[in-house]
Amino acid sequence: MAASGASLRLVAPVWNRGTSGIRGLSRSVDPEGSQRKGRTLLQFLADHFYDVEAVREYLLQKQVLKVLRKNRSFTYIKERYGPYVAGAYFILKQGGAVKFQDKEWMRPNGRGLSGELWKLWEVPIEAVDASGCAINYQGLDNVLALKELQSLSLQCCPHVDDWCLSRLHQLANSLQELSLAGCPRISERGLACLHHLQNLRRLDISHLPAVSNPGLTQILVEEMLPYCEVLGADGAQGLKLRPEEQSRHTARSPVPA
Amino acid sequence: MLRRALRLGLGPGLLGRGLGTHREGSTLGKAEGSGGYRGSGVFPISSHVTFRTRGPGPRWEDSGSLGAGDWHGKVSEIKKKIQSVLPGGAWSPLCDTSHLPPEHSDVVIVGGGVLGLSVAYWLKRLEKRQGAIRVLVVERDHTYSQASTVLSVGGIRQQFSLPENIQLSLFSVEFLRNINEYLAVVDDPPLDLQFNPSGYLFLASEEGATIMENNVKVQRQEGAKVCLMSPEQLQKKFPWINTEGVALASYGLENEGWFDPWCLLQGLRRKVQSMGVLFCHGEVTRFVSSSNHMETAIGEKVTLKRIHEVHVKVDHSQEYQPVECAIVVNAAGAWSGRIAELAGIGKGLPGTLQGTKLPVEPRKRYVYLWHCPQGPGLEAPLVADPSGAYFRREGLGNNYLGGCSPTEEEEPDPGNLEVDHDFFQEKVWPYLAQRVPAFETLKVRRAWAGYYDYNTFDQNGVVGPHPLVVNMYFATGFSGHGLQQAPAVGRAVAEVMLEGHFQTINLSPFLFNRFYLGEKAQEHCII
């Protein structure tokens, strides 16, 4: 009985492979079937499901590591040149622009960073334009060290979320202008912690896809920050007309209705 | 005689090969030849018939004596019957057992709430080799209708008085912030915890002001970002508060707020299932254990128990499955006391280690949702009054959630989860209206009740192994702050189980021994 049991168990896995065996049989019986390349690729992927899954996890992991690497902290530069140069280096490396006090906007040129950056170690930074940069919660450390920052633009940053906004209270003394337009991860819950920024005078919260009710959110934010001008979903509030539109407007207005 | 005939008929080669031929066609490599099927004594079939493939109609009709298609079904039935008689087969001859848990499991976690799932996650994450540990989570209610996790208000704070609690909370908030890296499952959408980083605001009267100052000092030392505010600063920042009677306020600036516990639970469940943890729908009714009488170094006699089997009973049925296990984790929340009693903890003379019960019992707490059109704005944190009443905003529509912990004398009966609305009228609303004058005109929309797994000894969690029942580990008793510490506690318990000691956060003050030794790890900031 036991022997027959053993052979039954030997047979059992063969039963499970029965279907592929049948397929294999059909392959050997029907040679032109294997020429249908699509079918064998699909079958290859189905047979190697866990390998493909592992490859996909690895690729995902690589992307995450890439963002983390971009947001590493430059401790040597911070110790040697101070927080302003370190912050500027970080932003310029990410592809943003920096404006030192009484200087022009500094952008990363193709060749690399200009040499005069290293001479500005005592000059505070007044404006940072980090639009489109891959800045995240850790990378924000470099920006929060700039204690005289007056204008910060985080437009369309893909990794800035509610957690990052909760850290902005450290810039409450100096920040006057903040732009969060187009960030896909910011919701009304993160906007609630902007009430610390009492010196804020201009806030742009237009085109935030994760905010559930943009109109109501704008009203609540305006109530929260009474001295601040809030640019919201409709965008018409406080928009400065561009010069050609302005001239067109003035040209049209004297015409009687 | 019969046996010999059976042996001849069901001889090893014949039956196996015969059946194999039958199913497989010619791909089964046969030692005996080119695919000829020799009929065994069991099947009344002529021996000259050969079967190449499985199933095509015309071939079957060639067989003659048997009907088309009948053969296949009969053969599988007979195979199944034979296999059921053999030992070790998974198929039970009497009934289908797929709804029962497996018969063996390395770790059985009693309770499928956020703490149990967190322990399961960290066990699978910290195991030395992938697939090394078999974990089974036993949950008796898969709708989680009475589970504390989903009925909780969902807050997370670092404003505690014990450094261990602060560290647990700090790690948990880091876990929640990076939840999509920890709990990522291929092809599943990322989790949205709906975290509101609005912070907690604790108000203290004159008597509590010094304790609050000391607590804030400890919190700052551990790395929490908390600021102290005087009544004037408070009035300026939150004009809707009435600062009468408030001497000091502590406000959490970062890493504090509230989130959706159901989302965390589902995320953990999904990830843990993808890591290979088995779930079972059943209730633990019995532990089968063995005792060892041993002597300590100084000659005292002590009885060590080891749990060998956990009996898991299926809902609405008398059926149960004994699961053989190496370790049992008690993460049953409000019902941990009952599970501990089943394991024999507390059966002894009071005052001895054998007689020390697990002092965790269910306590009912009410949560009320009300609407107040003139209430505090978007910036409102979770405000905790010195009287014990608390509230927070919910959503954009001027709705607020809140409640109050009753005093010891007014504890409601934890037998059911019925809500007492008079409690709100008499014990919660007056304090809220006094603190926030806008709340004088409010309208209660909904209310619910949930259990705290209340530790009557010192209102802090019980973590780690039991000294006498050597393979039962606790992860329970957090008295209302279990959800916010769950990720860190899960890691700590997994470390104790795998390494034998705490590695990252030292939770020795939370071991079971303290109940016997009388060392309270008292937490002062309990809401």
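Residues numbered from 1 in each chain as written. Chains lettered and ligands numbered in written order. Predicted model: local features only at pLDDT ≥ 70, side-chain atom pairs only at ≥ 80, totals over all residues. Heavy atoms only, no water.

As recorded in an unreviewed UniProt entry, chain B goes by FAD-dependent oxidoreductase domain-containing protein 1 and comes from Neophocaena asiaeorientalis asiaeorientalis. UniProt annotates chain B under Subcellular location (unreviewed entry) with the comment "Mitochondrion inner membrane". (UniProt positions renumbered as here; feature names shortened; annotations may be inferred.)

The name given to chain A in an unreviewed UniProt entry is Distal membrane-arm assembly complex protein 2, with Neophocaena asiaeorientalis asiaeorientalis as the source organism. Turning to chain A, the UniProt annotation filed under Sequence similarities (unreviewed entry) states: "Belongs to the ATP synthase subunit s family." Under the UniProt heading Subunit (unreviewed entry), the note attached to chain A is "Interacts with incompletely assembled mitochondrial NADH:ubiquinone oxidoreductase complex (complex I)."

Here we take up the overall build of chain B. Looking only at helices and strands, one finds 15 helices and 18 strands in chain B. Per-residue burial over chain B gives 52% buried out of 527 residues. Sequence separation of at least 24 residues holds for 72% of the intrachain contacts in chain B that already meet a minimum separation of 6. Working note: accessible area of chain B is about 23800 Å², and carbon and sulfur atoms make up 52% of it. (Helix = DSSP H or I, 4+ residues; strand = E, 2+ residues; numbered from the N terminus. Buried < 20%, exposed > 50% of the residue type's maximum accessible area, 1.4 Å probe, protein only. Contact = heavy atoms within 4.5 Å. Areas by Shrake-Rupley, 256 points an atom, 1.4 Å probe, with all protein chains shown as cover.)

This part is about the environment of A:Y81. Residues and elements named next belong to chain A. When you line up the elements, Y81 lands in helix α5 (residues 75-81). Put simply, Y81 and W121 are 40 residues apart on the chain and 5.5 Å apart in space, counted from C-alpha to C-alpha. Once residues lying within four places of it in the same chain are set aside, the contact partners of Y81 are W118 and W121.

Residue and element names in this part refer to chain B. Within the structure shown, the criterion is met by 22 salt bridges over all chains. When the shortest N-O distance is used, the salt bridge between E127 and K124 registers 3.7 Å. On the basis of relative accessible area, K124 is assigned to the buried category, the value being 9%. For E408, the salt bridge goes to R363, with nearest N and O atoms at 3.7 Å. With E408 in the loop between β15 (399-404) and α13 (421-435) and R363 in strand β12 (residues 360-371), the pair connects residues that are 45 residues apart, well separated along the chain. By relative accessible area, R363 is classed as buried at 9%. (Salt bridge = Lys/Arg side-chain N within 4 Å of Asp/Glu carboxyl O.)

This chain's UniProt record puts "domain: FAD dependent oxidoreductase" (unreviewed entry) on residues 106-495 of chain B. Split by type, residues 106-495 of chain B is 27% helix and 30% strand. Its first and last C-alpha atoms lie 16 Å apart.

As a further point, take the nonpolar core. Counting residues in each nonpolar core, the largest one holds 117 residues, and the members touching the most others are A:L152, A:L178, A:L191, A:L194 and B:L264. Counting residues per element, this core draws most heavily on helix α14 (residues 482-499) of chain B, at 9 residues. Once you skip the residues sitting within four places of it in the chain, B:L264 turns out to touch B:V114, B:F175, B:L176, B:I179, B:L193, B:F259 and B:L483. One finds B:L201, B:F238, B:W240 and B:A449 within the second-largest nonpolar core, a separate group that totals 30 residues. (Core = buried A, V, L, I, M, F, W, Y, C linked by side-chain atoms within 4.5 Å.)

Take unusual backbone geometry next. Of note in this structure, A:H207 is not a glycine but carries a positive phi near 55°. Residue position: A:H207 is located in the loop between β6 (202-204) and α10 (214-224). Residues other than glycine seldom take positive phi values, yet B:H316 does so here, at roughly 55°. You can see B:H316 is positioned in the loop between β10 (301-313) and β11 (320-330). Here B:H316 falls in the exposed class, since its relative accessible area comes to 79%.

Here we take up the sheet that holds strand β2 (residues 105-106) of chain A. Residues and elements named next belong to chain A. Spatially, the 7 strands line up as an open sheet ordered β2-β1-β3-β4-β5-β6-β7, and their pairing is mixed. The open sheet is flanked by β2 and β7 (229-231), the only strands paired with a single partner. Pairing of strand β5 (residues 177-179) with β6 involves 3 bridges; the strand directions are parallel. Along β6, the bridge assignment pairs S179 with D204. (Pairing = 2+ DSSP bridges.)

One pass over the structure, following the stated rule, counts 31 aromatic pairs over all chains. Ring geometry for A:F74 and A:Y89: centres 5.0 Å apart, planes at 85°, overall edge-to-face. In this pair, A:F74 sits in the loop between α4 (49-70) and α5 while A:Y89 sits in helix α6 (residues 83-94), placing the two residues 15 residues apart along the sequence. This pair shows no difference in class: A:F74 is buried, exactly as A:Y89 is. Each ring, one from B:Y121 and one from B:W122, has its centre 5.3 Å from the other, and the planes form 80°; the classification is edge-to-face. Judged on exposure class, the residue B:Y121 and its partner B:W122 are both buried. An aromatic cluster is built from B:F238, B:W240, B:Y251, B:Y366, B:Y368, B:W370, B:F391, B:Y400, B:F423, B:F424, B:W429 and B:F439, whose rings are joined through pairwise contacts. Geometry around B:F279 places B:R269 over its ring, the cationic atom sitting 4.6 Å from the centre. Across from the ring centre of B:W122, 5.9 Å away, lies the NZ or CZ of B:R491, which sits over that ring. (Phe/Tyr/Trp six-rings, centres within 6.5 Å; stacked < 30°, edge-to-face > 60°. Lys NZ or Arg CZ within 6 Å of the ring centre and 35° of its normal.)

This next bit is on the sheet that holds strand β14 (residues 389-394) of chain B. Residues and elements named next belong to chain B. Spatial ordering of the open sheet is given by β5-β6-β4-β13-β14-β15-β12-β16, a layout of 8 strands whose pairing is mixed. Looking at the sheet topology across the chains shown, the edges are occupied by β5 (226-229) and β16 (443-455). When strand polarity is set aside, the average angle formed by the axes of neighbouring strands in this sheet is 20°. In this structure, strand β4 (residues 200-204) lies alongside strand β13 (residues 382-384), joined through 3 bridges in parallel fashion. Looking at β13, one finds that L201 is bridged to V383. With respect to the sheet, α13 is in contact with β4, β12, β14, β15 and β16, its orientation differing from that of β12 by roughly 60°. (Axes fitted to C-alpha atoms, helices over the stretch in contact; angles between N-to-C directions.)

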